[in-house]
Amino acid sequence: MKISAQLNSVYANELADVIRAFFPDAELSPDGEVLYFREVFGNDSYAFTVSLGEKTSGGEIGCKVSDRLEYKRVTKRAAKIALYEFLSDVTGKKLPYGSLTGIRPTKLFRELCERGEDAEKVFLTDFGVSAEKTALVKRIAEVQKDSYLKDAQTVDFFVNIPFCPTRCTYCSFITVPVSKLKKYINEYVFKLKEEISILKNIIKENNYRVRAVYFGGGTPTSLPINLLAELLGQIDFAFDEFTVEAGRPDTVNADVLRLLADGGVTRISVNPQTLNDKTLQIIGRQHTAARFFEAYSLAARFDFDVNVDLIAALPGENFGDFKYSLDSVRALKPQNVTVHTLSLKRGSSLMLSDYDNTSDEAAAMVDYAYRALTGEGYEPYYMYRQKHQSGNLENTGYALPGKPSLYNIDIMEESLSVLAAGAGSISKRLFAENGRLERQADFKSVIDYIARFDEIKNLTRKFWA
């Protein structure tokens, strides 16, 4: 059934996400069977009507609140819950996260607790989140207690290096293959070092303490080793954790690992995504499963905490394929394992090719990962959700005791300011007194970043003034 939607709502984007969770191909213009959502706002009440064909539902709630933001929060929650319950009744489907469409369920869970609400009950009863997913969110919130930090004087530091050996078919980042922008790499690193220097001055001027440094992208280790060494040399301040994404096993060798160790890096990612060679070719990777094991073996000789990423529901894979990859990884006992569920991202090759992302086995894969990893002593310590994920599921990071990534917790809980450098990076400034978060994005493309660097410098200084 093709669904189009007419949303007479100030919350049209959020409601559209609920609709697409049930109908991935839904359109926001009338063409075919049309879903209507209308609402009426009042000072003391909020009313809505939703209909599809002959089915109609509606209701009204009292909203006598003095605070404008509180009124918005209550009415938006009511709108999403009403639409979810209506579509669940129409389709007979229950989604694992109910009416929740946001990226950060654990952040919402914590905020509910801080407001004095029974977060577990709200998730189960109001939002319609399944008992299993509510338990997962609650467990992660509890695991984070020893690592969670909200402090105006503590910050994280992010450096974006948007180059990779190849572009994966599921990728929507601004990342480009090194070969395509080879002539710009030296100048990009030169400008990036200057932006890092500006941010270091901001740290000094404001007496900030840096908790976590993260070199991401992209694949930082795809840079020529001398340029990577120059960037690592810029991190000459104190920190608690330093992560570098060495995500492509084909970029990992003994010289690179020695450079990272000597540069103070404490944590790296070596990410196969799958250990099936046929799938690796399908998703656009040029390494093999054997190359991953070689890279991991090299990394294990150093004193890094190592993360390994896997993706559930990759094209052509069944439960047995995913189980083989996960079982092979957990036998290595890395400090962190992150299990993603395939997401169709705007601009990715899979999205552009109209790939069918529905998977009857995605939930079984994710559930198996949870049971197998927690059975080995890992704890789920952070999670996030994305649009167009197979099974409307989630991405979850697992860590051995005492080994969670501080940066991953901070960035997903949005609990600290982030000073960010590089094309496509986003600095975030947290105002702890009211929880307000402001963002400042650098230009996305490498070419624009270089050509308009003077603008970036001015915007960065103004943002942190």
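Trainee: Kindly report on helix 13 (residues 362-375), identifying the contributing residues and their values.
Mentor: For helix 13, with 14 residues, the first-to-last C-alpha span of 20 Å sits near the 20 Å given by 1.5 Å per residue. By the burial criterion, the buried members of helix 13 are Ala362, Met365, Val366, Tyr368, Ala369, Ala372, Leu373 and Thr374. Buried positions along helix 13 lie against helix 5 (131-143), strand 11 (305-312), helix 11 (319-332), strand 12 (336-341), strand 13 (379-384) and strand 14 (395-399). A positive backbone phi angle near 100° is found at Gly377, which sits one or two residues after helix 13.

Trainee: So what about the packing of helix 4 (residues 119-126) against helix 5? Which residues, and what values?
Mentor: At a minimum axis separation of 10 Å, helix 4 and helix 5 run at an interaxial angle of 155°. Taken together, the axis directions place helix 4 and helix 5 in an arrangement best described as roughly antiparallel. Relative to helix 5, helix 4 is oriented so that their crossing is right-handed. Note on element contacts: helix 5 touches helix 4 through Ala131, Thr134, Val137 and Lys138, opposite Glu120, Phe123 and Leu124. Here the contact of helix 4 with helix 5 is built from residues that sort into four nonpolar, one polar and two charged.

Trainee: So what's going on with the packing of aromatic side chains? Which residues, and what values?
Mentor: Going through the model one piece at a time under the given rule, you end up with 25 aromatic pairs. Taken together, a centroid distance of 6.2 Å and an interplanar angle of 25° make the contact between Phe158 and Tyr214 stacked. Of this pair, Phe158 sits in strand 5 (residues 154-161) while Tyr214 sits in strand 8 (residues 209-217); the two residues are 56 residues apart in sequence, bridging distant segments of the chain. Each member of the pair Phe158 and Tyr214 is classed as buried. An angle of 50° between the planes, with centres 5.1 Å apart, marks the rings of Tyr188 and Tyr449 as tilted. Of the two residues, Tyr188 sits in helix 6 (residues 185-206) while Tyr449 sits in helix 15 (residues 446-451), which places them 261 residues apart along the sequence.

Criteria and cut-off values
- Residues numbered from 1 in each chain as written.
- Predicted model: local features only at pLDDT ≥ 70, side-chain atom pairs only at ≥ 80, totals over all residues.
- Heavy atoms only, no water.
- Helix = DSSP H or I, 4+ residues; strand = E, 2+ residues; numbered from the N terminus.
- Expected span 1.5 Å × (residues − 1).
- Buried < 20%, exposed > 50% of the residue type's maximum accessible area, 1.4 Å probe, protein only.
- Contact = heavy atoms within 4.5 Å.
- Axes fitted to C-alpha atoms, helices over the stretch in contact; angles between N-to-C directions.
- Parallel < 35°, antiparallel > 145°, perpendicular 65-115°, else oblique.
- Left-handed = near helix turned anticlockwise from the far one by under 90°.
- Nonpolar A, V, L, I, M, F, W, Y, C, P; charged D, E, K, R; others polar.
- Phe/Tyr/Trp six-rings, centres within 6.5 Å; stacked < 30°, edge-to-face > 60°.

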